[in-house]
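Residue-level structure breakdown
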Amino acid sequence: MVDTEKNGQSQEKPSNDDQVTSAAEQSDIEDKETHQDHLFQITVKLPHQPYEIPVTVSASEQVQDLRQTIIEQPDTFQYSCFHLEHEGQKINDFVELSEVKGLKAESVIKLIEDPYTEKDARQHTIRVRDLIGAAADRPDTIHGLCAGISLHDSITAPYFNNTQANGETAAPPANPAVGYDFEAQATVQTLLLPRDEPAPKTVKAISVSPWNPPPHSLRTKGHLVYLQLTTLEGEQYQITAHDTGFFVNKSSNTKFDPFPRKEPKGAFAHSLLSLIAKLSPSFDKNFRLLQEYNSRRDPLINFQITHALPSNPWLVAPAEAGLSSHQPDPTRPQETYLVSGLDNADTLRDWNEELQGAKELSSKNMQDRVFRERYLSRTFADYTDSAVRGAVLVAKGEIAPLNPTESSDAQIFIANNVFYSFGADGAEIFTSEGGDAAARVAVGKDVVGVKLVNQLDIAELHTPGTVIVDYLGKRIVCQSIVPGIFKQREPGEHQVDYGGVEGREVVAENEAFVPIFSKLSKALHVKQHAVWDKEGKKHILEGSVETKGLLGTDGRKYVLDLYRLTPPDVKWLEEYWRDVAVGEERPKDADYPHRMVVLRSELVEIYWRTELYKHNARHTESPAKKVEESKTTSETNDENDTKSDGKAKNTPNQSIPEFNLTFNPDVYSGQVPQTEQEKEELAKDEETVRALCAYLRDYAIPELIKDLHEGDVGFPMDGASLARLMHKRGINLRYLGLIAKLAKSQVARLDALFGLAEQEMIARAFKHIAGRYLKNLPASFATTAISHLLNCSLGTGLNESPRVSLDEEVLSFYPEADWSFISVTPKSLITEIEKEVHIRYRHDLDSGWVGHIKHLPLLREFSLKLGLQLLAKEYTFTSDVSPAEPTSVVNGVNGTNGVTHGKKKKKVTNHDQANKSSDSLETKDVYTFEPDDIVNLLPVVKDSCPKSTLADEALEAGRFSIAQNQKELGMELLLESLSLHEQIYGLIHPEVARVYHQLAMVYYNLDQKEAAVELARKAVIVSERTLGLDCNETILSYLNLGLFEHGVGNTVLALAYIKHALELWKLIFGLKHPDSITTINNAAVMLQGLKLFHDSRLWFEKSLEVCEQVSGTNSVNTATLSFQLAQALALDTDAKAAVGRMKDAYNIFLAQLGPDDRNTKESETWLDTLTQNAVTIAKHAKDVQARRQRRVQLTPRVTLGTKPQPQVGQSSIEAANGQRDRATSAAQLDQRSVDELIRFIEGGGEASARSSKKRVPGNPKRRGGSSRTTAPTRSV
């Protein structure tokens, strides 16, 4: 069986420095827990019914957390504008409850309603609209259709909601694993929510009144907003939002009179929710029904995402994308006003000041650190959201540039205090580096560098808020505006204060930046080194010459252009890059798109630690050396050590500071030293970098291949998990070609890695090609271009000659647009992809690669990389299958592009363009993709938000304590870490999902299975909402949730989770994934526990089949699974097959492990026993045939339930040879032998009574656990 780690994660051994840090933080957290982490209950007095509510709080919570708890309870939905008082004193919302004087258990806090401001009234209106379900879906620029949904409840619903509409109890659902079809193709339905009944309506409409906003004369009288309400009874009311509350006014649609209306139609309430309840008799009943409707789902599914962007599914149900899904809402166009006010002042924020101010917050104690990191996380999330919205408008051309006379690539923009520019070489800075390709990579490296510097959190070193957005083929850089960056300097002054000013030709120095840059260099292992300007003058810099320091007008020191924090990949440059003159073509063997090839910071850190360990080993005596040297005197030892090391012997603690390994990031970048000494120093730096590059190729990459081969790390499932694994090991994605080469030349297990690497290369090549076609194309034609490119790459099996046609009249409206995609053919696109893969990854695709691609997984990769949302339907990729939705329209003709007109227009096509034959207009072709199948295009975002160090430190401290057998302390620290993650990130965030997943593993290993199930369930929901419905981490969370549910006895539900995970696995990879062996085996064991022996046998057979393909027929893993299958066959009363499989296991163990190995001996014992039993069964069968009239029916002690469902029969081998006859024959054997076999294998039937004469042999020991235990699925 494949190897799986016990805790489901591949862990690295912490260094001594890490352990010291963890211990320090552990002590700090312990002190905090002693007086703050206990829970207690208080009472909150309310001004209205129910007049008081109990609330359980923690002293470490902030008052605003208590406010949020209050307004989320059904009895207190109406409150939003209030403050809290304790013993007559107003409580500050931004302090912790521990700071409230006299607050303790059973204390009473009073809720006092406050007067409204206009902003409060608007926010209260938005909240009430959301609460009562009056707000229709909001089409959002950056949030796609079905953003942030979860499928979890749709999977569990059949197992918990057993009440039918007529009130009767429904029959329990069938076992989801019974009759499972392993060979069925992946279906897009896996990612779709089932259709649900509509939510109960509470009002017909509530919107901003046409009389809004109040005139100046009435604003002075407290009028804030005018609203209009239409109840379910059909009554229409005009409502005034006053600073004291909400009341019905005398206005109508034709008359303006915003003063209070008298009874009986008049009413007043402090809350709009209470006012609606007074006006509509049916409101209370329907509002309760709406709450019950919402409560059917897990609260985490309804919780708002505040600190992260929600995940957008790449497949959308037709019902969600159709015209009927767009419902009228009069307030939808008014929401901008409700959110940001009449003058949009509420959304205008000084992002740079907020970000830098958040970094400067105090972090002296635990409370300050929690508040600081929480505020940082929320501010970064808000900034990212705002920046991405502006970037989309820039890409669509809806924001005017500041420099309209410049070329389009050089234009810059400012919107909402965010600075925008394109990731292209418009200013011709990167001409010698590769032009636009180099500029695009540079800005991508820059955002990674900014995130790294933010994570280091160096005092007094500031970075601009940076976000990269890829949208419609354009890469847009979003940055907060650094004060002084646009300032015109005096003559002779440089535009920057430290580093290269104009490339490497002019270099600025400033002593004020040296101390903080030296801290950054030390953390990144960057060497203080010399650079030379164009005049040959020497400058000593702490970082790369490309890294710049700017003294802002706010007095802060900013670091800019962080794309070269690490050395270049020298070997790659020497092999695949040549510097050529302008206009000269590069040779084919050195035509890499750019020379911006730098090594990853993870590689630098790994290599540095490796060399540190080697250095310490050289200064630390080994035990063998001590024994040998004990024969000599200590003086001789000291003398020998001094001679060999060239210095006096030091203790390990003394040797660590002496270690000094740093890297010069400016080697091989055109530096020209002036003296021989300078040349020697630069040569040494170059050798150090060469050693780092050699480590990457000679060790890091082969070691990754080795670990994946041996199963020491989780196997990646898709391109994202493969990229994350490579980056974690410090391997750049340009080495995908080398990884594919190494994987192909080795064993069968690595065939999956080869296929995955090739798929990722193809997907990334397609992304670059599609980006070039989309970059200068009008946004309204993007779906036409994308559908055509998809047809040319994935749809050639259905239509070998896809074409696109557009009216010349339409094209004439865009004279500067690039319509080159029209001429793309399958042959030309395949050639482009092959060329792109070769240039970028130095890998040559096989000539028939198009016929071997996995269509759905590759379509998913295309969609994720381009930000596509596609219509969810069964796409037809080959002509031997009828299209699911045949269509006769010509690809590219759709109303949105203005192509369909009342009369025929002359069209431009890529089919017979020379004569522009009109015959093509009459041809009705069928295509895999139509423009209408591309439902939405979304931006792909890379942000620079750092992770919380405090929450991670608490998590590591808890793990460390448990590893040291301090279980109680470790559990407390883990709970503290969970609390910190939820406080800092909010409940819905990718990092919270990951900590739920990790803690679930820890709790399960500590045998606290109920807690593990709860945490695993949360991990699934949060992963789905933030990482994706079919993200590899979501699949792992589902698999582990299934394992944990099985651990607490919910095996049928566990199998439902596993089945869903396998369906997702099919969709993103296929079922023959190396790690799927463990999952299928686990499901088989679960079925065995339910005594569904025949179905269990089928799952064991599939597990063995995949293992033979992945690991080979003679591997130990195959032998182990053959051993298990033999047991399953025996339980299924197939004695002959059981003997054959056990013989296979024995032969493999004997050949691989030898006759003395325990596994070999146990399999031999089992083989002898099963052989004897098979002989006995054969004799019984012969007796049965001879004495049918005297046959005695024997009842087995164990209820087998061996009669399979029809689906099982159809998928088994017997279905092809006559199911009925063989089932009858098997039944005759079963009833004579099963009682004996079950007692032998399980030790005595249901009572587990063991025979005193013969000891039942156990399963062979192997990695991953025994056949009756299951192993958690490991993350990549």
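Keep in mind it's a predicted model, so treat the numbers as computed, not measured.

The number of helices and strands found in the protein is 42 helices and 27 strands. When each of the 1276 residues of the protein is scored for burial, the buried share is 52%. Restricting the contact set of the protein to residue pairs at least 6 apart, pairs at least 24 apart contribute 72%. As displayed, the protein offers around 58,000 Å² of accessible surface, 50% of which is attributable to carbon and sulfur atoms.

This part is about the nonpolar core. Within the largest apolar cluster, 230 residues are counted, with the highest numbers of intra-cluster contacts made by Tyr420, Cys478, Ile833, Leu859 and Trp1099. In terms of residues, this core owes the most to one element, helix H23 (residues 751–775), which gives 14 residues. Apart from the residues lying within four places of it in its own chain, the contact partners of leucine 859 are Trp314, Leu790, Leu794, Leu870, Tyr875, Phe877 and Phe929.

Time to look at the confidence of the model for the protein. Parts of the prediction with low pLDDT should not have their coordinates interpreted in detail. The predicted model of the protein averages 82 in pLDDT, with 82% of residues at 70 or higher. Taken element by element, the protein is modelled with least confidence in helix H40 (residues 1206–1211), mean pLDDT 31, and with most confidence in strand S15 (residues 466–471), mean pLDDT 97. Low pLDDT, under 50, characterises residues 911–923; the stretch is placed with 13 contacts to residues that sit more than four places away or in other chains. This model gives residues 1189–1238 a pLDDT under 50, and the stretch forms 69 contacts once residues within four places in sequence are excluded.

Moving on, we come to the sheet that holds strand S22 (residues 557–560). With mixed pairing, the three strands of this open sheet are ordered in space as S14-S22-S21. Edge positions in the sheet fall to strand S14 (461–462) and strand S21 (548–551), since each has one partner strand and no second. As defined by bridge partners, S21 adjoins S22 across four bridges and the pair is classed as antiparallel. Looking across to S22, one finds that glycine 549 is bridged to valine 559.

Right, let's talk about the pairing of strand S9 (residues 245–248) for a bit. Burial along S9 is two-sided: the face carrying Gly245 and Phe247 and the face carrying Phe246 and Val248 are both buried. Relative to S9, strand S8 (residues 236–242) is paired through four bridges, and the arrangement is antiparallel. What sits directly across from threonine 240, in S9, is phenylalanine 247. Between the end of S8 and the start of S9, which pair antiparallel, lie two residues.

In this section: the UniProt feature "repeat: TPR" (unreviewed entry) in the protein. The UniProt feature table records "repeat: TPR" (unreviewed entry) at residues 993–1026. Span residues 993–1026 is 91% helix and 0% strand, its end C-alpha atoms 8 Å apart.

Per the stated rule, a full pass over the model turns up 62 salt bridges. The partner of glutamate 52 in a salt bridge is lysine 45, and the shortest N-O contact between them spans 2.7 Å. Ionic pairing is found between arginine 440 and aspartate 470, a salt bridge with its closest N-O pair at 3.8 Å. On the criterion of sequence distance, the pair formed by arginine 440 in helix H13 (residues 436–456) and aspartate 470 in strand S15 is long-range, its members being 30 residues apart. What makes arginine 440 partly exposed here is its relative accessible area of 22%. Relative accessible area serves as the criterion here: at 15%, aspartate 470 is assigned to the buried category. Members of the salt-bridge network, linked through shared partners, are Asp718, Glu760, Arg764, Arg860, Glu861, Lys865 and Asp1030.

Reading guide: rules and limits
Residues numbered from 1 in each chain as written. Predicted model: local features only at pLDDT ≥ 70, side-chain atom pairs only at ≥ 80, totals over all residues. Heavy atoms only, no water. Helix = DSSP H or I, 4+ residues; strand = E, 2+ residues; numbered from the N terminus. Buried < 20%, exposed > 50% of the residue type's maximum accessible area, 1.4 Å probe, protein only. Contact = heavy atoms within 4.5 Å. Areas by Shrake-Rupley, 256 points an atom, 1.4 Å probe, with all protein chains shown as cover. Core = buried A, V, L, I, M, F, W, Y, C linked by side-chain atoms within 4.5 Å. pLDDT = per-residue confidence, 0-100. Pairing = 2+ DSSP bridges. UniProt positions renumbered as here; feature names shortened; annotations may be inferred. Salt bridge = Lys/Arg side-chain N within 4 Å of Asp/Glu carboxyl O.

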